[in-house]
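# Residue-level structure breakdown
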Amino acid sequence: MDAAGFLGTGARLAADVNLVVQLLMGFALLLGMILARRRLYRAHAVCQGSVVLLNLVMIAAIMLPPFARDIAPGLPQRLGQSYYFFPTLHAVLGSVTQLLGLYILIRAGTNWLPKALCFENYKLWMRTALTLWWIVIFLGLATYYVWL
Ligand code: HEM
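Residues numbered from 1 in each chain as written. Predicted model: local features only at pLDDT ≥ 70, side-chain atom pairs only at ≥ 80, totals over all residues. Heavy atoms only, no water.

Near the ligand you find 21 residues, and of these Arg 12, Asn 18, Asn 55, Met 63 and His 90 are the closest. Here Arg 12 contributes a side-chain N or O atom positioned 2.9 Å from an oxygen atom of the ligand. Within the contact set of the ligand, an oxygen atom lies 3.4 Å away from a backbone nitrogen or oxygen of Ala 15. Where the shell around the ligand is concerned, the elements lending two or more residues are α1 (13-37), α2 (41-71), α3 (82-109) and α4 (122-146). Class assignment for the residues of the shell around the ligand results in 12 nonpolar, eight polar and one charged. (Near = heavy atom within 4 Å. Polar contact = N/O pair within 3.5 Å; in protein donor to acceptor, adjacent residues only side chain to side chain. Helix = DSSP H or I, 4+ residues; strand = E, 2+ residues; numbered from the N terminus. Nonpolar A, V, L, I, M, F, W, Y, C, P; charged D, E, K, R; others polar.)

Spelled out as structure tokens, the structure:
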């Protein structure tokens, strides 16, 4: 049996911890955007890079296990139920967004990629990732709610 959460909603502890950490990380990304606007590129890189890497831990430790155990076996038959629909949409878009974040991190922070895989329009790629990231957060909030 999972330990009870601290937000008083009846969710499990891991879900409450994830909720708070995800919101803090989402706001950290917005703060990181402001740092870039102020041309503080080093601080911007550390901020966004930390969030993208920390989220790998959150996915592996908190989000992937219940998805694999409770949702994946019911797919695609039960997709019509909100209990399955929201986490599935969230997990698909969340995976794409996490991979996009890692790709941008590798492109901007290393010279590991061949030239053909290097984009130049940083603003477009980073704005797209930030927008997707917040859509995924809202889908995560929807999942939290339908799972109560
Ligand atoms: C950018 C990537 C992601 C972000 C920002 C994100 C964000 C969130 C947020 C804010 C919640 C609500 C808190 C909670 O209920 O725990 C959540 C829950 C959840 N997420 Fe994600 N997520 C991401 C990627 C993923 C991926 C890749 C998967 C699955 C492979 C996934 C599966 C889940 C599941 C199953 C829950 C419900 C967990 C529970 O309530 O016990 N998420 N996520």
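Back to the text.
Attention shifts here to the nonpolar core. For soluble globular proteins, nonpolar side chains are generally found buried alongside one another. The biggest cluster of nonpolar side chains holds 10 residues, and these are Met 25, Leu 29, Val 51, Val 52, Met 58, Ile 62, Leu 130, Trp 133, Trp 134 and Ile 137. When contributions to this core are tallied by element, the ones reaching two or more residues are α1, α2 and α4. Beyond its immediate stretch of four places on either side in the chain, Ile 62 contacts Arg 12, Ala 14, Asn 18 and Val 57. Counting five residues, the second largest nonpolar core, distinct from the first, contains Leu 100, Phe 119, Ala 129 and Leu 132. (Core = buried A, V, L, I, M, F, W, Y, C linked by side-chain atoms within 4.5 Å. Buried < 20%, exposed > 50% of the residue type's maximum accessible area, 1.4 Å probe, protein only. Contact = heavy atoms within 4.5 Å.)

What follows deals with the coordination of the iron atom of the ligand. On the protein side, the iron atom of the ligand has Met 63 (SD) and His 90 (NE2) as donor atoms, found 2.0 to 2.2 Å from it. Metal-centred angles of 85 to 179° between the six donor atoms at the iron atom of the ligand mark the site as octahedral. Placement of Met 63 in helix α2 and of His 90 in helix α3 is noted, with a sequence separation of 27 residues between them. (Donors = N, O, S within 2.8 Å, 3.2 Å for Na, K, Ca; no water. Tetrahedral: all angles 85-135°; square planar, octahedral: opposite > 155°, others 65-115°.)

Another aspect to go through is the environment of Ala 142. Mapped onto the fold, Ala 142 is located in helix α4. Taking the relative accessible area as the measure of exposure, Ala 142 reaches 22% and is therefore partly exposed. Taking the C-alpha atoms as reference points, Ala 142 and Gly 5, 137 residues apart in sequence, are found 17 Å from one another.

With an omega dihedral of 0°, the bond running from Leu 75 to Pro 76 counts as a cis peptide bond. Looking at the secondary structure, you find Pro 76 in the loop between α2 and α3. Here the phi dihedral of Arg 39 falls at roughly 65°; this positive angle occurs in a residue that is not glycine. Mapping Arg 39 onto the fold places it in the loop between α1 and α2.

Okay, a nonpolar patch on the surface next. On the surface, Phe 6, Leu 7, Leu 13, Val 17, Val 20 and Leu 24 cluster together into a nonpolar patch covering about 490 Å² of accessible area. Within the element layout of this structure, Val 20 appears in helix α1. Relative accessible area serves as the criterion here: at 32%, Val 20 is assigned to the partly exposed category. (Patch = residues over 30% accessible without salt bridge, like charges linked within 9 Å, V, L, I, M, F, W, Y side chains within 5 Å. Areas by Shrake-Rupley, 256 points an atom, 1.4 Å probe, with all protein chains shown as cover. Salt bridge = Lys/Arg side-chain N within 4 Å of Asp/Glu carboxyl O.)

What follows deals with the packing of aromatic side chains. Overall, the coordinates contain nine aromatic pairs when judged by the stated rule. Between Tyr 103 and Phe 119 the ring centres are 5.6 Å apart and the planes differ by 65°, which places this aromatic pair in the edge-to-face class. Of this pair, Tyr 103 sits in helix α3 while Phe 119 sits in the loop between α3 and α4, placing them 16 residues apart in sequence. Through a chain of ring-to-ring contacts, three or more aromatic side chains come together here, namely Tyr 103, Phe 119, Tyr 122 and Trp 125. If you follow Arg 107 out to its NZ or CZ, it ends over the ring of Phe 119, 5.7 Å from the centre. (Phe/Tyr/Trp six-rings, centres within 6.5 Å; stacked < 30°, edge-to-face > 60°. Lys NZ or Arg CZ within 6 Å of the ring centre and 35° of its normal.)

Where α1 contacts α2, the axes come no closer than 9 Å and their chain directions differ by 160°. Our classification of the angle between α1 and α2 gives roughly antiparallel. Note that α1 runs across α2; the crossing there is left-handed. Contact with α1, carried on its side by Ala 14, Asn 18, Val 21, Gln 22, Met 25, Ala 28, Leu 29, Gly 32, Met 33, Leu 35 and Ala 36, involves Tyr 41, Ala 43, His 44, Cys 47, Gln 48, Val 51, Leu 54, Asn 55, Met 58, Ile 62 and Met 63 of α2 and no other residues of that element. (Axes fitted to C-alpha atoms, helices over the stretch in contact; angles between N-to-C directions. Parallel < 35°, antiparallel > 145°, perpendicular 65-115°, else oblique. Left-handed = near helix turned anticlockwise from the far one by under 90°.)

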